[in-house]
Amino acid sequence: MAAARMGLKTALITMNMDLIAQMSCNPAIGGVAKGHLVREVDALGGVMGEVADAVGIQFRLLNTSRGPAVWSPRAQCDKQLYRVKMREVLEAQPGLHIRQAEVVDLVLDEARGTKGLGTKGLGSDARRRVLGLKLRDGRRLLAGATIITTGTFLNGLIHCGEERYPAGRSGEPASVLLGEALRALGLRTCRLKTGTPPRLDGRTIKWEAFEEQPGDADPTPFSFRTKKILQPQISCHIAFTTPETLRIIRENVGRSAMYSGQIEGIGPRYCPSIEDKIVKFPDKTQHQFFLEPEGLNTHEVYVNGMSTSLPMEVQWQIVRSIAGLEEAEMLRPGYAIEYDSVDATELDRTLRVKSMEGLYLAGQINGTSGYEEAACQGIMAGINAALWLKGEAPFTLDRTEGYTGILIDDLISKGTNEPYRMFTSRAEFRLHLRIDNADRRLTPYGRRLGLINDEAWAEYETKQARMTALAKLLTHGKVDRDGLAAAGFSALPATAGLTWAQLLKRPEVTIEPVVTALHATLEQEPLLAEMAAAVTGQNVKRDERVGMVVLRNEARAVETEIKFAGYLEQQKKSIEKLKAAESVTIPDWMEYSIISGLSREMREILERVRPITIGQASRLPGVTPAALALVHVSIRLQGAKRLVS
């Protein structure tokens, strides 16, 4: 979508057009930190948030009992409608051509020695250019740039107990020939593993036996451009394992593909299988999971938290051991899948393979886990492939600008030996990287790149003007005794010269009562009258409730900027220091092998990753401050020698 919106003739090649955007695991978008990524993709002009809003059947804003830095939206989606809606969006995009075919190889610059990768391999010192793709039916599709986003399909192998068979997803073939071709590139690769739980027939579940988990009464949308959410909303349910469940798993754990030695790949640490939980937490007597409907027009239920590679008959016993599921029918068994991934230290910040021209990788092929982590890589790869072909400067985000920048920096600097998942704890400046300011951070970039249309840009500018007007009013408006009483804070002292912004800095004061007290004043301001009505909830119709939530969240964003101004100022100073380190570039001619004082291990990792700045070098595992000092000095010394020679 990004490349097409930037004016390039773009093709999307998929093995099955009917399964574009198929949610192969949990039919949900967002979650802790993942919701931040969706907001950032949306702010840049991506489509994931808009599609999720259009088909979401349960919306929840997570972590609201904590600070605004970690608030994250999540939506249970209608699995079938998600892929249908996404295909509609893709087919409506001018310049984007969708084709069903299997890609089996890459076409290389013939002038540099080979027509395709095949199994011949490449010399380690060669930097060839990818000219396009070779399809299974013998056709060639030539392109200026190629982006590979294969998910779990590269040499995918499904495990269910002792049974195993090649597949990319259940019921879909693996991408074996392309996997072999990519291995022939000579890139460092590893095997990773992920899994999925059984699906149940909702008509055979005793729902009254479980705790209901409804969504939020007023849904918080992902997209800054969403105005209404009118589709019906559903509840999920919370369930727990029983002592019998644990007994069954312990007695059969040796039959799990994970513990029989059948699986070579490394699984996700933060989304373990149910047998992994039992083995690693033997003292825990109970494990939680969630019953999540997969759509409005299906009875299929996803058992979140019960991912497993145990045999099918054991899965059936586990399900039936839980109160309320004694008569449950299993529609699909859970399974584990292992697949090839590429060491992301082979990539630069644009997600281009450093040893190849015109080849980009995005998504699970780079070692990540999750739809959201894949989406943010996809939009960045699409943007940069387009910019490269246009002869324009690359577009990158650093760790201070977004979780997207953090994810890419982590991957290309450290790589990963397990599926990488985003967490808010990975951010050094998470108060600065909130969901409410993702558009302010990134939408101007999206506009410059051509991903934000005129209507969306006008809405963005109006929103910023509205928030600025509210902040100005709060900063300059004085609080008197009547104002305190109207806000419900008559017990607080009415200090002379006290402003509403100063009052908001108190932990017990929130924006809602302040806006209520200022309602008459706000109604006189053209930009703020609608916000005042939204925050106070006056005269709001059902189809206007999403707009009300959006305006209310704008007011809360202003509150956050005021309440945490001191902390934000401290973070800005820290950001400036980090940017100073990032501004010291390391030339691509740097020879680490001749730097005296570096250990062999440090030389190896610096040569392998080849960081482009001192800041990136500082984040490499094992690189010490003393080593950084040596590299810093060597930039000048080696540069001087090159000038002399």
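The structure presented is a predicted model; accordingly, all values stated were derived computationally and were not measured.

(A) Expanded view of the overall build of the protein chain. Scanning the protein chain for helices and strands turns up 22 helices and 21 strands. Each of the three principal axes of the protein chain carries a C-alpha extent, and together these read 80 × 80 × 50 Å. Burial statistics for the protein chain: of 645 residues in total, 55% are counted as buried. Counted over contacts in the protein chain with a minimum sequence separation of 6, partners at least 24 positions apart contribute 73%. For the protein chain, the computed accessible surface area is about 28300 Å², with 52% contributed by carbon and sulfur atoms.

(B) Structural detail: the side chain of S309. Here S309 lies in the loop between strand 17 (300-304) and helix 8 (312-320). Overall, S309 belongs to the buried group, its relative accessible area being 1%. Here the side chain of S309 touches A257 through a polar contact of 3.3 Å, landing on its backbone nitrogen. Contact partners of S309, with chain neighbours within four places excluded, come to H159, C160, G161, R255, S256, A257, M258, E275 and A336.

(C) Just the pattern of salt bridges, in detail. Enumeration over the complete set of coordinates arrives at 50 salt bridges. Of the charged contacts in the structure, one is a salt bridge between R188 and D343, with a shortest N-O distance of 3.2 Å. Taken together, the residues R188 in the loop between helix 5 (176-183) and strand 12 (189-196) and D343 in the loop between strand 19 (335-342) and strand 20 (356-357) connect sequence positions 155 residues apart. Classification of D343 by relative accessible area gives buried; the value is 19%. E428 is paired through a salt bridge with R399; the nearest N and O atoms lie 2.8 Å apart. A residue pair is termed long-range when its members are at least 10 positions apart, and E428 in the loop between helix 10 (403-414) and helix 11 (438-449) and R399 in the loop between helix 9 (371-390) and helix 10 qualify at 29 residues. Relative accessible area serves as the criterion here: at 40%, E428 is assigned to the partly exposed category. Members of the salt-bridge network, linked through shared partners, are R349, R399, D409, D410, K414, E428, E582 and R619.

(D) The arrangement of the sheet that holds strand 12 in detail. If you walk across this open sheet you meet the four strands as 11-10-19-12, and the pairing is antiparallel. The strands lining the two open edges of the sheet, one partner per strand, are strand 11 (163-166) and strand 12. Neighbour-to-neighbour, the strand axes of this sheet turn through a mean angle of 25 degrees, independent of strand direction. Both strand 10 (residues 157-160) and strand 11 contribute to a ladder of four bridges, which runs antiparallel. Each bridged residue has a counterpart across the sheet, and for I158 the counterpart in strand 11 is Y165.

(E) Quick peek at the pairing of strand 3 (residues 56-62). Counting buried positions over the seven residues of strand 3 gives six, a clear majority of the element. Of the strand pairs in this sheet, strand 3 and strand 4 (residues 72-77) are connected by six bridges, and their pairing is antiparallel. Among the inter-strand pairings, F59 is bridged to a residue of strand 4, identified as A75.

(F) The arrangement of the sheet that holds strand 2 (residues 28-30) in detail. Taking strand neighbours across the sheet as the criterion, the three strands line up as 2-4-3 in an open arrangement whose pairing is antiparallel. With one partner strand each, in any of the chains shown, strand 2 and strand 3 form the two edges of the open sheet. Sheet twist, expressed as the average angle between the axes of neighbouring strands with direction ignored, equals 15 degrees. Against the sheet, helix 2 (residues 34-44) makes contact with strand 2 and strand 4, and its axis sits at roughly 80 degrees relative to strand 2, the strand it touches most.

(G) Region of interest: the pairing of strand 15 (residues 236-240). Burial analysis of strand 15 places four of its five residues in the buried class, which makes it a mostly covered element. In this structure, strand 14 (residues 211-213) lies alongside strand 15, joined through three bridges in antiparallel fashion. Bridge pairing links E212 to H237 in strand 15.

(H) Spotlight on helix 5. The set of residues buried in helix 5 consists of L178, G179, A181 and L182. Axial view of helix 5: buried residues confined to an arc of 165 degrees, hence all on one face.

(I) Representation of the packing of helix 2 against helix 11 in the model. With their axes 7 Å apart at the nearest point, helix 2 and helix 11 run at an angle of 35 degrees to one another. Remark: the crossing between helix 2 and helix 11 carries right-handed chirality. Contacts between helix 2 and helix 11 involve R39, E40, A43 and L44 on the former and, on the latter, A438, D439, R441, L442, T443, Y445 and G446. Considering only residue class, the contact of helix 2 with helix 11 consists of five nonpolar, two polar and four charged.

Analysis parameters
Residues numbered from 1 in each chain as written. Predicted model: local features only at pLDDT ≥ 70, side-chain atom pairs only at ≥ 80, totals over all residues. Heavy atoms only, no water. Helix = DSSP H or I, 4+ residues; strand = E, 2+ residues; numbered from the N terminus. Buried < 20%, exposed > 50% of the residue type's maximum accessible area, 1.4 Å probe, protein only. Contact = heavy atoms within 4.5 Å. Areas by Shrake-Rupley, 256 points an atom, 1.4 Å probe, with all protein chains shown as cover. Polar contact = N/O pair within 3.5 Å; in protein donor to acceptor, adjacent residues only side chain to side chain. Salt bridge = Lys/Arg side-chain N within 4 Å of Asp/Glu carboxyl O. Pairing = 2+ DSSP bridges. Axes fitted to C-alpha atoms, helices over the stretch in contact; angles between N-to-C directions. Arc of directions from axis to C-beta. Left-handed = near helix turned anticlockwise from the far one by under 90°. Nonpolar A, V, L, I, M, F, W, Y, C, P; charged D, E, K, R; others polar.

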